[in-house]
Each structure stands twice: as structure tokens, then as C-alpha cells.
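Residues per chain are reported as follows:
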Amino acid sequence: MFNYLGKVDVAVNYTDEQICTQLYDTPSRHHGAVSPPIYQTSLFAFETFEAFTEAQSAERENYVYTRGGNPTTEILEQKLAMLERGERCKCFGSGMGAISSVFLSLLQKGDHVLLVNNIYGPTQQLMKHLENFGIEHSYTENDVEAAIRPNTKLIYVESPGTMLMKVVDLMKVTALAMRHGIYTAIDNTWSTPIFQKPLTLGFDLSVHSLTKYIGGHSDIVGGAVIGSSKLIDRIFTYGYQLNGSVLSPHDASQVIKGLRTLPLRMKQHESNASQIIDFLQSRDEIKVIHHPSLQDRDITENQMSGFSGLLSFELKEGRFDHVASFINELNVFKIGVSWGGYESLVNSPVKRSNASELIKQGIDPGLIRLSIGLENPDDLIADLKNAFRASELIKP
Ligand SMILES: *Cc1c(COP(=O)(O)O)cnc(C)c1O
């Protein structure tokens, strides 16, 4: 029988670099291979029927079927668990697979979810859909305590938040939740575990889209949830095995490769973004820049050890034509969804006729989002300079 590696020992301290480069690679289990093999198999065969039935009765601990456990995926899960200082991790076929598994596993009819800060759009759509199953939700920006209801089961936070990158005081949230006996989960995609470890701040669960920085090469879609053994086991049974959002072993191997350079890449994203922000601050076409490095240090210093490269800014001239012409003039920045890859990207929620809708959501109709990649920052600045110059021309 082939047992799982088991839960990670969070009491032992490893550096992030150690975890990303070597820990849990377990060459001794794989003929000495330094690069873990891809177990591209759907099922695992057994020597005897007795061994098979025994393994099947504890699928959480044994390799039986890849919509359960897989040795390649498990190496990734162990690394992510240790990076976040959680006992266990489960990986998913997408970030949304991971997020929906949390809701499906922890909630029942009659429960309320409190969503704190600007939340990723599809997560909001999912909450809306769950109303059909008797699960309520509401949003709050700052006064979390006042927004708690008697049936609040889960506080779900995104920090830094979507689009405006606003930071929430995380320890204030977890202290409150603990007092009220409420589960807490956070979407930690923006920071990655390199820059923020929410479980050490009291969160029960940390959720990721592996598609962004952790994968880092814009070549896979994946997700992960990290937390205590008890909670992840529950998520394994309901939100994972039954919902079936499986990360393929091949993609898991790509993410392991992404992790090798994650600490290095995050340093470079941070340094590049800081240079771009300096440049943007010198431009009088811009009203405001949104990035956690420009926010209240009293909060960020307590919970973040660095800042990634996703930022947004507001053009003074907030109209579709102006936003479109600026974006169209960029060449190094590619136009597209997603972020966190090696390549710089530009995007905007502004459409030809949604200005009033955006304002209602607190989003400026001149908002442009940049994902700062790993290019030479001088090339990125030259590209932005050119776009400012060229888009000047369309002013009335
Ligand atoms: C992309 C993203 C997700 C969803 O991840 P997918 O891998 O696309 O399913 C969730 N949260 C945040 C903050 C994201 O940026």
C-alpha cells in the first residue's frame, strides 16, 4: 500500500526558499529523481483485494484514484501547506474550484457569509447563486463587528482586495471571529504565502488561485486551500471529491516548477512595481494610484512582508475612449485577463456604457489595472511613457 506523506509539522521552521526548492521532493520515494515524476495515472492498482478494500476505506490517506490523492499533486500540497504554515493543503483544478469547495464544505441552508472588502467578481456571483440553496451573504468594508449576524458562519476576506488593492486589518477580523465562534477564510492570491501568511494571523483557511503568481508562467489554471487537518479533511470529502475540481498531475508538476522560483520572482515583481509606481506618481494625467505600498503602514507592517506587482490607477480623464486609447498604445503590456505571470498585462473594468454602474461599485470610470511582470522596468516605463504621449492626442 502507498500511504500519503501525511500532515506537515508546522512546528518546524523552514525558510520559504528551502520549502520551494527542496522540501517534500522526497527523491528516495522516486528512484532518486530530483525533479518529482509526473504520476499521470487515474487509478492505483493493488496486489490483493484486502489491501484494496483497506485503502478504499481511508481514501484520505491512500492513493486510490486521482480524484482523491496523487503523489505528484501531493508534493505540491505539502509545499503549499508548509509555506502557509497550515497542516494540510488540497489542490484544485482552478481558484474557483478551491473557493467553491470552502463554501460547499462549511455551509448549510440558513447560514450567513460575511464578505469583507472588494471581492473577486466570480466569487460574488457564486455567493449570489448560493442564495438559491438558502445561504445568505452580505458585504462590509470596515465595520465588521456591526455586520455580524446571529447566523454568520463564515467571514470571507480578500486582502488586498480586487481592483482597488485595499488592505484589511486581518488580526482585527480574526480576533472578532474567534470571539463570535465564526470560521474565517481569506483569498491570499494577491500576496502569495511569500508576502503574507494569514494562518499565522489567526485565519482558519487560506485560499489561492495557483493560476497567478504561484504558477507564475501563465500556462496552467489551478487552485488551493490550506488549513488545519480537520478542516481540509472535510473539504476533501465534500468540496473536493464530490465537486470534482481536480488539478491534473501534469499541471501540479508545472506548479511545483513555478514554486522553485517563487521567492525570487516575487522579489523582482516587487522591485519592478515599485519603480513603475515611482514613475506613475510623476505623471499629472493620473488622479490616484492603488497599491498596498501606498496605504496605512501601521496595518501592512503587521501582516505583510512585501508587495506584489498588481496595481491600478485612475486617469483624470475617466472616459471609455481615453482608457481605450491609452491601453491600445501599450506594446510591452499585453491586453488580457488574469495576472501574476512573467508577462506584464493591462486590463480595465471600463466598458463603453458602464460608467454609472462602476461608480455605484466604488470604481472610478478611469480605472486601469496593471500586472507588472518580470521585464526590464526601463522597457515598461518607456512603454507607459509612449502610451501617455500618444493618448494625449485624443483629448477634445
Ligand atoms: C483569478 C482569481 C481567482 C480565481 O482563480 P481561477 O484560477 O481563475 O479560478 C480567485 N481570486 C482572485 C483574487 C483571483 O485573482
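The rules we used
Residues numbered from 1 in each chain as written. Predicted model: local features only at pLDDT ≥ 70, side-chain atom pairs only at ≥ 80, totals over all residues. Heavy atoms only, no water. Helix = DSSP H or I, 4+ residues; strand = E, 2+ residues; numbered from the N terminus. Polar contact = N/O pair within 3.5 Å; in protein donor to acceptor, adjacent residues only side chain to side chain. Contact = heavy atoms within 4.5 Å. Near = heavy atom within 4 Å. Areas by Shrake-Rupley, 256 points an atom, 1.4 Å probe, with all protein chains shown as cover. Buried < 20%, exposed > 50% of the residue type's maximum accessible area, 1.4 Å probe, protein only. Pairing = 2+ DSSP bridges. Domains from an automatic or database assignment. Buried area = accessible area lost by both parts, 1.4 Å probe. Nonpolar A, V, L, I, M, F, W, Y, C, P; charged D, E, K, R; others polar. Axes fitted to C-alpha atoms, helices over the stretch in contact; angles between N-to-C directions.

**A word on the side chain of Thr72**
Link 1 in the chain: In this fold, Thr72 is placed in helix H3 (residues 71-84).
Link 2 in the chain: Within polar-contact distance, the side chain of Thr72 engages the backbone nitrogen of Tyr39 at 2.8 Å.
Link 3 in the chain: Contact partners of Thr72, with chain neighbours within four places excluded, come to Pro37, Ile38, Tyr39, Pro249, Ala252, Ser253 and Ile256.

**Some words on the site of the ligand**
Link 1 in the chain: Around the ligand there are 14 residues in total, and Gly95, Met96, Asp187, Thr211 and Lys212 lie nearest to it.
Link 2 in the chain: Between the ligand and Met96, the relevant distance is 2.8 Å, taken from an oxygen atom to a main-chain nitrogen or oxygen of the residue.
Link 3 in the chain: Here an oxygen atom of the ligand sits 2.7 Å away from a polar atom, N or O, in the side chain of Thr211.
Link 4 in the chain: Within the complex, the protein chains bury 89% of what would otherwise be the 380 Å² of accessible surface of the ligand.

**Observations regarding the pairing of strand E7 (residues 223-227)**
Link 1 in the chain: Of all five residues that make up E7, five are buried, and the element is covered over most of its length.
Link 2 in the chain: Residues Gly223, Val225 and Gly227 point to one face of E7 and Ala224 and Ile226 to the other, with burial holding for every one of them.
Link 3 in the chain: Bridging between strand E1 (residues 88-92) and E7 involves five bridges; their strand directions are antiparallel. Residue pairing in the sheet places Cys91 in a bridge with Ala224 of E7.
Link 4 in the chain: Strand direction decides the pairing type here: strand E6 (residues 205-209) and E7, joined by five bridges, are antiparallel. Bridged to His208 within E7 is Ala224.

**Some words on the domain arrangement of the chain**
Link 1 in the chain: As assigned here, the chain comprises domain 1 (16-260) and domain 2 (263-390).
Link 2 in the chain: The C-alpha centroid of domain 2 is placed 28 Å from the C-alpha centroid of domain 1.
Link 3 in the chain: Of the residues lining the interface, 33 residues belong to domain 1; the matching set on domain 2 comes to 34 residues.
Link 4 in the chain: At the boundary of domain 1 with domain 2, total buried surface from both sides reaches about 2,800 Å², with 63% on carbon and sulfur atoms.
Link 5 in the chain: Linking domain 1 with domain 2 are 16 residue pairs in polar contact (both at pLDDT 80 or more).
Link 6 in the chain: Secondary-structure elements contributing two or more residues to the side of domain 1 that touches domain 2 are helix H1 (16-21), helix H7 (170-180), helix H8 (192-195) and helix H10 (249-260).
Link 7 in the chain: Tallied by class, residues from the side of domain 1 that touches domain 2 come to 16 nonpolar, 11 polar and six charged.

**Some points on the sheet that holds strand E12 (residues 367-371)**
Link 1 in the chain: One open sheet accounts for five strands, arranged E8-E9-E12-E11-E10; its pairing is mixed. A single partner strand is all that each edge strand has here, and the edge strands are strand E8 (286-290) and strand E10 (334-335).
Link 2 in the chain: As paired strands, strand E9 (residues 310-315) and E12 are joined by five bridges and run antiparallel to one another. Its bridge partner lying in E12, Glu314 is registered against Leu367.

**Focus: the side chain of Asn62**
Link 1 in the chain: Inspection of the secondary structure assignment puts Asn62 in the loop between helix H2 (49-56) and H3.
Link 2 in the chain: In terms of polar contacts, Asn62 uses its side chain to reach the backbone carbonyl oxygen of Ala58, at 2.9 Å.

**Concerning the sheet that holds strand E2 (residues 112-116)**
Link 1 in the chain: Taken in spatial order, the seven strands line up as E1-E7-E6-E5-E4-E2-E3 in an open sheet, and their pairing is mixed. Two strands lie at the open edges of the sheet, namely E1 and strand E3 (136-140), each paired on one side alone. When the angles between neighbouring strand axes are averaged without regard to direction, this sheet yields 20 degrees.
Link 2 in the chain: Where helix H4 (residues 95-106) meets the sheet, it contacts E1, E2, strand E4 (152-158), strand E5 (183-187), E6 and E7, and its direction lies at approximately 150 degrees from that of E6.
Link 3 in the chain: Those strands touched by H7 are E4 and E5, and its axis lies near 175 degrees from that of E4.

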